[in-house]
Amino acid sequence: MSYVLVALHREGDDATKLTLDTAHDIAIKRNTAKTFFGASPSFDEIEAALHALPHQERRGLVFGHCGKNSCSLRAQIKDEPIWSDAPMFGELFSNAAVYVFACETIEDPAARSDWLGIRSFGAIAVQHGVRCFVGHSVEVGVPRIPPNWNEEQVAMLRDCTEAAMLAFLDGEEDEKKLRLAIFDALETLDEFIASDRCPPDGEEHEAKGWGAAVLLQQLRKSLFVKTSGI
């Protein structure tokens, strides 16, 4: 199953530099129909690439910055013009399934009070045409690679980070099964991160295996799926 890959990135932005590296790695593992990188990729070109896919196989993977207050996607977290608001995005990915790896793109159905009545990017995108939207209800990111890890550990960390995305690109759209893909990958990685589960005081955010484990659990627990039928 092919797909269109969009990775928003502005030079100098560390967060999207990490997701850009992830996007390149995924493109190697799963061949894309078309890839788009940069701060403001062309809507017309993306739409053409999507429409070139069979109707039932239109699928996208998008990386960028978002947030429940801005409800828009952009290439840099501060002082950056938006690339797409939710209605525009819904029209662009009309009748397609899309996984958006960005902060707070979808609400947690069990904790709607946290959103204080704000409609999520994903909900609006589905209202405007997206068939299936996969997103995250909290701030998410790609774990930094611990400096002392070997190539095998690095490869396993990447596999774990990308587990739900790769399952989605293979055709999976069930919320529980996408979460399970991350859970299964974490079990494989566990032996490498066990020694870093108790970091010294004040070092919780250091680039260690412990921090990676926390981020990956956040990815799993915050993943939700919204479809045009819900």
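About the criteria used
- Residues numbered from 1 in each chain as written.
- Predicted model: local features only at pLDDT ≥ 70, side-chain atom pairs only at ≥ 80, totals over all residues.
- Heavy atoms only, no water.
- Core = buried A, V, L, I, M, F, W, Y, C linked by side-chain atoms within 4.5 Å.
- Buried < 20%, exposed > 50% of the residue type's maximum accessible area, 1.4 Å probe, protein only.
- Contact = heavy atoms within 4.5 Å.
- Salt bridge = Lys/Arg side-chain N within 4 Å of Asp/Glu carboxyl O.
- Helix = DSSP H or I, 4+ residues; strand = E, 2+ residues; numbered from the N terminus.
- 1 Å grid on protein atoms, 1.4 Å probe; cavity = no way out; pocket = protein on both sides within 12 Å on 5 of 7 lines; lining within 4 Å.
- Points joined across faces, edges and corners; volume = space filled by probe spheres on them.

(A) Fine view of the nonpolar core. Grouped together as the largest cluster of nonpolar side chains are 36 residues, with contacts concentrated most on Ile26, Leu61, Phe63, Tyr99, Phe101, Val134 and Leu178. Apart from residues lying up to four places away in sequence, phenylalanine 63 is in contact with Leu5, Val6, Ala7, Leu8, Thr19, Thr22, Ala23, Ile26, Phe101 and Met165. Listed in part, the 31 residues of the second largest apolar core include Cys71, Ala75, Val130 and Phe133.

(B) Local environment of the pattern of salt bridges. Taken as a whole and assessed by the stated rule, the structure comprises 7 salt bridges. Put simply, arginine 131 and glutamate 173 hold a salt bridge, and the shortest N to O gap is 2.8 Å. On the criterion of sequence distance, the pair formed by arginine 131 in the loop between α4 (121–127) and β7 (132–136) and glutamate 173 in the loop between α6 (163–169) and α7 (175–193) is long-range, its members being 42 residues apart. A relative accessible area of 28% means that arginine 131 is categorised as partly exposed. Among the residues examined, glutamate 173 registers a relative accessible area of 22% and is labelled partly exposed. Counted as one network, the salt bridges with shared partners bring together Asp25, Lys29, Asp159 and Glu162.

(C) Quick look at the layout of surface pockets. As a volume, the second largest pocket reaches approximately 180 Å³. In this structure, the second largest pocket is lined by Leu18, Asp21, Thr22, Asp25, Val142, Pro143, Ile145, Leu157, Arg158, Thr161 and Glu162. Those elements that provide at least two residues to the lining of the second largest pocket are α1 (14–29) and α5 (151–161). With 4 residues, α1 is the largest single contributor of residues to the lining of the second largest pocket.

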